[in-house]
Amino acid sequence: MSETTSHDSVGATAGTDYDAIIVGAGFSGLYELHRLRDELGLSVKVIEKADDVGGTWYWNRYPGARCDSESHIYCYSFNEDILQNWEWSERYPEQPEVLEYLRFAADELDLRRNIEFETEVTSAAFDEDSGTWRISTDDGETVSSQFFVTAVGCLSEPYIPDFEGIESFEGFWTHTGKWPHEPVDFEGKRVAVIGTGATGIQVIPEVAKSDPEHLTVFQRTPNYAVPARNRPLDDDDWELIQSNYDEILQRAHDSGFGFPFEVGQETAADMTMEEVEEALEPRWQEGGFRFLLAFEDLLVNEETNEKVSEFLRGKIRETVDDPELAEKLAPKDHYYATKRPPLHTDYYETYNRDNVSLVDVTENPIERITPDGVQTADGHHDFDMIIYATGFDAMTGTLLQIDIEGRDGLTLEEKWEDGPQTYLGLTLHGFPNMFTITGPQSPSVLSNMPVSIEHHVEWVSDTIEHLVDNDIQLIEPTKAAEEAWTTHNRQVAESTLYTTVDSWYMNENIPDKPTVFTPYPGGVDLYHDTILEVAEKGYEGFELTESVQQLGQEGEQPQLSVMKGD
Ligand code: NA7
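Here the structure is a predicted model, which is why all the values come from computation and not from measurement.

Let us look at the pairing of strand β9 (residues 214–219). Counting buried residues along β9, five of its six residues qualify, which places the element largely inside the surrounding structure. Pairing geometry for strand β8 (residues 190–194) and β9, over five bridges, is parallel. Within β9, the residue paired with valine 193 across the bridge is valine 217. Tracing the backbone out of β8, into helix α5 (residues 198–208) and back to the parallel element β9 gives a crossover that is right-handed. Bridge analysis of β9 against strand β12 (residues 356–360) gives five bridges, and the strand direction is parallel. Bridge pairing links phenylalanine 218 to valine 359 in β12.

The structure is reproduced here in structure tokens:
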């Protein structure tokens with residue numbers, strides 16, 4: 001053991017460089033480091049590609065980058081000092097403020113001394129003789145550890161479509177997730193934004209109001225966006241939050257999406273459109289994800305969803321002056337919230353500006369990028385700047401960038417050839433002692449992320465503590481448990497409207513990725529109960545191995561009792 005190990009029972013891996021290696025110093029990696037180092041006394045190293053903490057909030061610096069969760073619930077709930085000593089300035093925090101918050105938390109908990117920055121993990125291999133992981137980095141180093149925890153984020157691998165001529169463009173171009181650290185000036189420039197997902201919807205109004213000569217938006221699929229209604233938080237707001245903080249956070253942790261908001265009515269299926277409007281209008285005025293919770297069956301009932309979708313189309317038509325343009329912006333090909341539902345600030349209003357126009361690329365496809373712009377089917381558009389808001393290789397992309405090899409030479413790439421297979425979105429058969437924080441097949445992106453992150457970090461830490469205290473060297477899910485979870489994930493997804501549309505939830509945004517619904521759609525509360533129950537039942541579905549010699553000898557597996565809601 002190296003560094004400050006104090007836990008008596010860590011004996012199984014004497015000889016490793018660390019008890020645990022964590023990849024990533026964002027929300028999840030920071031908290032995991034704190035739990036394993038400060039509460040279990042393990043020796044831990046975090047390896048981080050960037051030169052600072054922050055993860056998603058380090059990279060996504062584009063103008064308008066703002067969290068869609070309200071600030072007072074987009075935070076750590078585990079530490080009273082952090083909760084009481086940090087005051088958010090706005091209802092929704094802007095990227096620099098979230099980054100500052102994570103820097104503050106890292107300093108409060110003295111985490112930096114165990115983080116190696118500007119280092120990229122290139123491979124991780126499980127060594128079957130010693131039952132340990134060997135993790136290699138781009139500086140040529142290899143370190144060993146008993147536990148391998150990935151905290152790499154769900155949307156960390158930027159995706160730019162393979163347009164012909166992309167590199168030939170002579171102006172400024174970037175992906176929103178790789179935004180430069182220096183300010184970017186749009187004044188007097190001809191700017192293109194490609195993509196109208198949650199990111200495009202944030203960046204487009206900011207560019208438009210920065211006095212470009214012209215902004216052209218390239219839209220493939222229109223999106224339903226609900227107003228955020230951001231505003232500064234004043235002392236009264238803050239006092240109210242602080243005095244009810246425990247209850248607010250508890251409600252968030254016990255809810256389906258990780259939000260503490262009241263769910264409205266059961267269904268809109270048997271309501272008239274006037275009744276639906278009456279129910280939705282106050283939530284629309286209030287803004288944010290409260291809108292999402294107006295009807296309990298929004299994501300499982302086509303009739304309810306169509307009424308909510310029609311309400312949103314009506315709002316777009318009311319806002320956009322040009323009726324033809326309004327129709328282009330009003331989605332008709334998918335149900336509301338079956339793709340990640342964005343929030344907006346003046347997004348639709350932006351199209352009423354004289355210097356903003358829309359190219360519908362389904363009618364007028366992008367043929368190639370040229371040195372001075374974009375060639376579409378109906379002509380050339382000249383640009384000084386091109387912003388790609390084209391999304392991410394979500395959920396599995398970053399993990400697959402690392403060359404991960406488990407038992408019997410099986411690589412993660414081979415294992416996930418037909419889509420992710422996990423047990424509980426946290427562990428993988430064939431990859432002992434590896435944990436995936438907010439991994440595929442866990443609620444993650446379908447929730448207020450810090451809530452899901454805390455559930456995962458705490459489960460992983462408690463599990464490691466259990467292993468250490470009971471002299472167990474290895475934990476690995478059985479093949480049967482993994483298959484059951486993967487089937488369960490698919491069945492729950494198929495019972496919802498999520499699978500009725502191509503989306504990045506379905507892996508459909510990346511060519512050649514297998515079409516499969518990737519996050520767990522059963523709800524944060526139900527999911528959290530499930531993972532706790534697995535642990536309470538003596539880690540049902542897992543093989544716990546005292547020494548590496550017994551590895552892979554699966555006994556008879558009892559029927560899993562923990563999966564509900566099939
Ligand atoms: P998204 O939601 O994946 O959006 C990407 C956008 O880029 C979307 O509008 C795509 O259209 C568009 N796109 C992708 N490829 C192309 C091509 N080839 N041509 C034209 N347009 C294209 O990514 P975001 O960054 O907005 O959001 C990701 C998450 O980050 C977000 O949900 C938050 O959780 C944070 P499509 O809809 O696929 O037709």
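After that view of the structure, there is still more to cover.
Pairing is parallel across the open sheet formed by five strands, whose spatial order is β7-β16-β8-β9-β12. Lying at the two open borders of the sheet, with one neighbouring strand each, are β7 (172–175) and β12. Pairs of neighbouring strands in the sheet enclose a mean axial angle of 15 degrees, with direction left out of account. On top of the sheet, α5 reaches β8, β9, β12 and β16 (385–388); it is set at about 165 degrees to β9, its chief contact.

Moving on: the packing of helix α14 (residues 449–469) against helix α16 (residues 524–536). The packing of two helices is summarised by the inter-axis angle and the distance between the axes. Two numbers describe how α14 lies on α16: the axes approach to 11 Å, and their chain directions differ by 0 degrees. Here α16 runs roughly parallel to α14, going by the angle between their axes. Here Val451, Ser452, His455, His456 and Trp459 of α14 come into contact with α16, specifically with Val524, Tyr527, His528, Ile531, Leu532 and Ala535. Its residues placed into classes, the contact of α14 with α16 shows seven nonpolar, four polar and no charged.

So, on to the sheet that holds strand β14 (residues 373–376). Sheet architecture is open: three strands sit in the order β13-β14-β15, paired in antiparallel fashion. Of all the strands in the sheet, the pair left with one neighbour each is β13 (366–370) and β15 (379–382). On average, each strand axis in the sheet is inclined to that of its neighbour by 20 degrees, with strand direction left out of account. Direction of pairing for β13 relative to β14: antiparallel, over a ladder of four bridges. Paired with arginine 368 across the two strands is glutamine 375, which belongs to β14.

Okay, the environment of isoleucine 386 next. When you line up the elements, isoleucine 386 lands in strand β16. A C-alpha to C-alpha distance of 49 Å links isoleucine 386 and glycine 131, two positions 255 residues apart in sequence. Beyond its immediate sequence surroundings of up to four residues, isoleucine 386 is in contact with Phe169, Phe172, Trp173, Thr174, Ala192, Ile194, Ile369, Gly373 and Val374.

With that settled, consider the pattern of salt bridges. What the rule picks out here adds up to 33 salt bridges. The closest approach of N and O atoms between glutamate 247 and arginine 251, which form a salt bridge, is 2.9 Å. With glutamate 247 and arginine 251 both in helix α7 (residues 245–253) and four residues apart, this pair spans about one turn of that helix. We classify arginine 251 as partly exposed; its relative accessible area is 35%. Where arginine 290 meets glutamate 286, a salt bridge forms, and the shortest distance between an N and an O atom there is 3.2 Å.

Moving on, we come to the site of the ligand. Taken together, 19 residues are adjacent to the ligand, and Thr196, Thr199, Arg220, Thr221 and Arg340 come closest. At 3.3 Å from an oxygen atom of the ligand is found a main-chain nitrogen or oxygen belonging to glycine 197. Interatomic distance of 2.8 Å between a side-chain N/O atom of arginine 220 and an oxygen atom of the ligand. A total of 780 Å² of accessible area belongs to the ligand in isolation, and the protein chains cover 84% of it. For the shell around the ligand, the class distribution of residues is nine nonpolar, seven polar and three charged.

Membership of the largest hydrophobic core comes to 101 residues, with the highest contact counts inside it found for Tyr336 and Leu424. Top contributing element to this core by residue count: α14, with eight residues. Discounting residues that sit within four places of it in the chain, tyrosine 336 has contacts with Tyr224, Val226, Phe291, Leu292, Leu298, Leu299, Asn305, Val308, Ser309, Leu312 and Pro341. Counting residues in hydrophobic clusters, the runner-up holds 29 residues, among them Val184, Ile201, Leu215 and Ile316.

Before going further, it helps to spend a moment on the confidence of the model for the chain. Per-chain confidence: the chain averages 95 in pLDDT, with 94% of residues scoring 70 or above. Element-level pLDDT for the chain is lowest in helix α6 (residues 235–243), with a mean of 92, against a maximum mean of 99 in β8. In this model, residues 1–12 is a region of pLDDT below 50 whose contacts with residues beyond four sequence positions or in other chains number 33 contacts.

What follows covers the side chain of lysine 339. Secondary-structure assignment places lysine 339 in the loop between α10 (323–329) and β11 (343–344). Despite its burial, lysine 339 remains without a salt bridge, the nearest opposite charge being carried by aspartate 333 at 5.4 Å. Filtering out sequence-adjacent residues up to four positions away, lysine 339 remains in contact with Thr221, His334, Val501, Asp502, Ser503 and Tyr505.

This part is about helix α4 (residues 95–108). A rise of 1.5 Å per residue sets the reference length of α4, with its 14 residues, at 20 Å; its end C-alpha atoms lie 20 Å apart and thus fit the reference within 8%. When α4 is considered as a whole, its buried residues turn out to be Gln95, Glu97, Val98, Leu99, Tyr101, Leu102, Phe104, Ala105 and Ala106. Summarising the contacts, the buried residues of α4 are in contact with α1 (27–39), α2 (56–59) and α3 (80–85).

Attention now moves to a negative patch on the surface. Together, Glu128, Asp129, Asp403, Glu405, Glu413, Glu414, Glu417 and Asp418 make up a negatively charged patch on the protein surface. Among the elements of the structure, β17 (403–405) and α13 (412–415) are those that each provide at least two residues to the negative patch. With respect to the helices and strands, glutamate 128 occurs in the loop between β4 (121–127) and β5 (132–137).

Turning our eyes to something else, we now look at the packing of aromatic side chains. Under the definition given, this model contains 41 aromatic pairs. The interplanar angle of 40 degrees and the centroid separation of 6.2 Å between the aromatic rings of phenylalanine 27 and tyrosine 101 together place this pair among those described as tilted. One end of the pair, phenylalanine 27, is in helix α1; the other, tyrosine 101, is in helix α4, with 74 residues separating them in the sequence. As far as burial versus exposure is concerned, phenylalanine 27 and tyrosine 101 are alike and both buried. On the basis of an interplanar angle of 45 degrees and a centroid distance of 6.4 Å, the ring pair of tryptophan 179 and phenylalanine 186 is categorised as tilted. The exposure classification of tryptophan 179 matches that of phenylalanine 186, with both residues buried.

Take the environment of threonine 56 next. By secondary structure assignment, the location of threonine 56 is in helix α2. Accessibility expressed as a relative area gives 32% for threonine 56, which makes it partly exposed. Here the alpha-carbon distance between threonine 56 and glutamine 95, two residues 39 residues apart in the chain, equals 9.2 Å.

Calculation criteria
- Residues numbered from 1 in each chain as written.
- Predicted model: local features only at pLDDT ≥ 70, side-chain atom pairs only at ≥ 80, totals over all residues.
- Heavy atoms only, no water.
- Buried < 20%, exposed > 50% of the residue type's maximum accessible area, 1.4 Å probe, protein only.
- Helix = DSSP H or I, 4+ residues; strand = E, 2+ residues; numbered from the N terminus.
- Pairing = 2+ DSSP bridges.
- Right-handed = clockwise from strand over helix to strand, strands pointing away.
- Axes fitted to C-alpha atoms, helices over the stretch in contact; angles between N-to-C directions.
- Contact = heavy atoms within 4.5 Å.
- Parallel < 35°, antiparallel > 145°, perpendicular 65-115°, else oblique.
- Nonpolar A, V, L, I, M, F, W, Y, C, P; charged D, E, K, R; others polar.
- Salt bridge = Lys/Arg side-chain N within 4 Å of Asp/Glu carboxyl O.
- Near = heavy atom within 4 Å.
- Polar contact = N/O pair within 3.5 Å; in protein donor to acceptor, adjacent residues only side chain to side chain.
- Areas by Shrake-Rupley, 256 points an atom, 1.4 Å probe, with all protein chains shown as cover.
- Core = buried A, V, L, I, M, F, W, Y, C linked by side-chain atoms within 4.5 Å.
- pLDDT = per-residue confidence, 0-100.
- Lys, Arg positive; Asp, Glu negative; His and termini not counted.
- Expected span 1.5 Å × (residues − 1).
- Patch = residues over 30% accessible without salt bridge, like charges linked within 9 Å, V, L, I, M, F, W, Y side chains within 5 Å.
- Charge placed at Lys NZ, Arg CZ, Asp CG, Glu CD.
- Phe/Tyr/Trp six-rings, centres within 6.5 Å; stacked < 30°, edge-to-face > 60°.

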